[in-house]
Amino acid sequence: MIIDVLSNAAKYCGLHPNFKKAFDYLSQNDLLNLEDGAFEIAEGLKVIVISGEGTTREESIKGFECHDQNIDIQISLKGPETFAWKPREKCVNPNGEYSDERDVRFFHDKPDMFFELQEGQFAILFPTDVHAAMIGEGTLKKIVIKVKI
């Protein structure tokens, strides 16, 4: 997992061929005015814009998840937003089967830690990062960019 501010995004472009396209998209758009929804911005890059009420830690970790086929770049636009996290190698209690169609695997495990993203900060979550998000108070807005591996 990587946590940083958008102004440092260029440091991470070498980690995956599509990271530059993802961060270029973020720098070239009025992010706060993007409408909620999901759309593809390039081959292997999907943007999901989410606005909604924050949830409690207990409610959020019911969706403690990771992905096999995508890296998530999650950007806080209106927050702060808290995340739960645990390394996948330490998760031992699956919650159902892996969904290839949705590229999601859930766990019943308890997080090792919680961290908070302020507005304009992002987290890069790899398949080794089990996470739950949207923890907070009031209305949260975020962008998730799915980067196909």
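Q: Hey, could you go over the overall build of the protein for me, with residue numbers and the actual values?
A: Secondary structure assignment for the protein yields two helices and eleven strands. Ordered by position from N to C terminus, the α and β elements of the protein give β-α-β-β-α-β-β-β-β-β-β-β-β. A compact globule built from 149 residues should have a C-alpha radius of gyration of about 15 Å, and the protein, at 15 Å, falls within 12% of that. The principal-axis extents of the C-alpha atoms in the protein amount to approximately 40 × 35 × 25 Å. Each of the 149 residues in the protein was classed as buried or not, and the buried ones make up 44%. Contacts in the protein between residues far apart in sequence, at least 24 positions, make up 79% of those at least 6 positions apart. On the protein, roughly 7800 Å² of surface is accessible, and the fraction owed to carbon and sulfur atoms is 50%. For the protein, the separation between the mean place of its 17 positive charges and that of its 25 negative charges on side chains is 2 Å.

Q: Any details on the pattern of salt bridges? Residues and values, ideally.
A: A full pass over the atoms with the stated rule returns eight salt bridges. The partner of D24 in a salt bridge is K20, with the nearest N and O atoms 2.8 Å apart. On the criterion of helical spacing, the pair formed by D24 and K20 is a turn pair, its members being four residues apart in helix α1 (residues 19–27). Here K62 ties to E59 by a salt bridge, and the two come within 3.2 Å at their closest N and O atoms. Owing to a relative accessible area of 43%, E59 belongs among the partly exposed residues under this scheme.

Q: Describe unusual backbone geometry, naming the residues involved and giving the relevant values.
A: Look at the link from G79 to P80: it is a cis peptide, with omega at 10°. If you trace the backbone, P80 turns up in the loop between β5 (70–78) and β6 (81–87). We note that D103 has phi near 50°; this positive angle belongs to a residue other than glycine. With respect to the helices, strands and loops of the structure, D103 is situated in the loop between β6 and β7 (105–106). What makes D103 buried here is its relative accessible area of 5%. Phi is positive for M134, which is not a glycine, with a value near 65°. Mapped onto the fold, M134 is located in strand β10 (residues 129–135).

Q: So what's going on with the sheet that holds strand β3 (residues 45–53)? Which residues, and what values?
A: Across the sheet, six strands lie side by side as β1-β9-β5-β11-β3-β2; this open sheet has antiparallel pairing. In this open sheet, the two strands that pair with only one neighbour each are β1 (2–5) and β2 (37–42). Neighbouring strand axes in the sheet, compared pairwise and without regard to direction, differ in orientation by 20° on average. One ladder, built from four bridges, connects β5 with strand β9 (residues 121–125); its direction is antiparallel. Residue pairing across strands places D72 opposite L125, the latter belonging to β9. Contacts from α1 reach β2, β3, β5, β9 and β11 (139–148), with the element oriented near 15° to β5.

The rules behind each value
- Residues numbered from 1 in each chain as written.
- Predicted model: local features only at pLDDT ≥ 70, side-chain atom pairs only at ≥ 80, totals over all residues.
- Heavy atoms only, no water.
- Helix = DSSP H or I, 4+ residues; strand = E, 2+ residues; numbered from the N terminus.
- Rg over C-alpha atoms; globule rule 2.2 N^0.38 Å.
- Buried < 20%, exposed > 50% of the residue type's maximum accessible area, 1.4 Å probe, protein only.
- Contact = heavy atoms within 4.5 Å.
- Areas by Shrake-Rupley, 256 points an atom, 1.4 Å probe, with all protein chains shown as cover.
- Lys, Arg positive; Asp, Glu negative; His and termini not counted.
- Charge placed at Lys NZ, Arg CZ, Asp CG, Glu CD.
- Salt bridge = Lys/Arg side-chain N within 4 Å of Asp/Glu carboxyl O.
- Pairing = 2+ DSSP bridges.
- Axes fitted to C-alpha atoms, helices over the stretch in contact; angles between N-to-C directions.

That is the geometry; function is a separate question.
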